[in-house]
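Inside the fold
Each chain, letter by letter, is given below.
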Amino acid sequence: WYQRRVREAVVSTQSTGRALDIIPTTLHANKIQLHQVTVYSIHPLSGVTGKLTDILDDFSPDFVVFFSPSGVQFTADVLSKHLRSDVVLIGFGKSTAKQIVESFGDKFLVGTCKTPDPSGV
């Protein structure tokens, strides 16, 4: 549904102890620079706004992948201020994609992973 050469990506993750190594490995293998930010544990992590701002001041991603609705909620304000309008926001599953729409409206193109697992990204 959407095709564009991707050079850099931001991936938000949660601190659950479950590593999703397939995503960084796949992006690295395809020469896509990855900036991974742990957004929250149970509550938003202290300093996440500053970390995201620092990353987004240095580069502009082509897409942002969210793995949970709360990750969207915790970062929507800062991302709304820093992302280009042509950035694609991707929800890992339908509930996350729904939260993206609720948090960002029609400001960005929104997609859902083909399947709700790392290979579906």
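Read on for a plain summary of the structure. (Residues numbered from 1 in each chain as written. Predicted model: local features only at pLDDT ≥ 70, side-chain atom pairs only at ≥ 80, totals over all residues. Heavy atoms only, no water.)

**Looking at the pattern of salt bridges**
Summed over the entire model, instances satisfying the criterion amount to three salt bridges. Arg84 is paired through a salt bridge with Asp62; the nearest N and O atoms lie 3.4 Å apart. Residue Arg84 is found in the loop between α3 (69-82) and β4 (88-91), and its partner Asp62 is found in the loop between α2 (48-58) and β3 (63-66); the two are separated by 22 residues along the sequence. In this structure, Asp86 engages Arg84 in a salt bridge whose closest nitrogen and oxygen atoms are separated by 2.7 Å. (Salt bridge = Lys/Arg side-chain N within 4 Å of Asp/Glu carboxyl O. Helix = DSSP H or I, 4+ residues; strand = E, 2+ residues; numbered from the N terminus.)

**Description of the packing of aromatic side chains**
Summed over all chains, the structure comprises two aromatic pairs. A centroid spacing of 5.5 Å and a plane angle of 80° characterise the contact between Phe104 and Phe108, whose relative ring orientation is edge-to-face. For the pair shown, Phe104 and Phe108 are each scored as buried. (Phe/Tyr/Trp six-rings, centres within 6.5 Å; stacked < 30°, edge-to-face > 60°. Buried < 20%, exposed > 50% of the residue type's maximum accessible area, 1.4 Å probe, protein only.)

**Here's the deal with the packing of α2 against α3**
Packing of α2 against α3 brings their axes to within 10 Å, and their N-to-C directions diverge by 20°. Relative to α3, the element α2 lies roughly parallel. Crossing of α2 over α3 shows right-handed handedness. Together, Thr49, Leu52, Thr53, Leu56 and Asp57 of α2 and Thr75, Val78, Leu79 and His82 of α3 make up the contact between the two elements. Broken down by class, the residue content of the contact of α2 with α3 amounts to four nonpolar, four polar and one charged. (Axes fitted to C-alpha atoms, helices over the stretch in contact; angles between N-to-C directions. Parallel < 35°, antiparallel > 145°, perpendicular 65-115°, else oblique. Left-handed = near helix turned anticlockwise from the far one by under 90°. Contact = heavy atoms within 4.5 Å. Nonpolar A, V, L, I, M, F, W, Y, C, P; charged D, E, K, R; others polar.)

**Points about the packing of α3 against helix α4 (residues 94-104)**
Contact geometry of α3 with α4 gives a least axis separation of 9 Å together with a crossing angle of 30°. In terms of orientation, α3 lies roughly parallel with respect to α4. For the pair α3 and α4, the sense of crossing is right-handed. Residues Pro69, Val72, Gln73, Ala76, Leu79 and Ser80 of α3 touch α4, and the partners they reach there are Ser95, Thr96, Gln99, Ile100, Ser103 and Phe104. Residues belonging to the contact of α3 with α4 are distributed by class as follows: six nonpolar, six polar and no charged.

**Remarks on the pairing of strand β5 (residues 109-112)**
Two strands pair when backbone bridges link them, and β4 and β5 are joined in this way by four bridges, in the parallel orientation. Pairing of Gly91 across the sheet is with Thr112, part of β5. (Pairing = 2+ DSSP bridges.)

**Regarding the environment of Ile100**
In this structure, Ile100 sits in helix α4. Put simply, Ile100 and Val110 are 10 residues apart on the chain and 7.3 Å apart in space, counted from C-alpha to C-alpha. Not counting residues up to four positions away in its chain, the partners in contact with Ile100 are Phe66, Val72, Leu89, Ile90, Gly91, Gly105 and Val110.

**Remarks on the nonpolar core**
One finds Phe66, Leu79, Leu83, Leu89 and Phe104 to be the most contacted residues of the largest nonpolar core, which totals 18 residues. Secondary structure elements with two or more residues in this core: α2, β3, α3 and α4. (Core = buried A, V, L, I, M, F, W, Y, C linked by side-chain atoms within 4.5 Å.)

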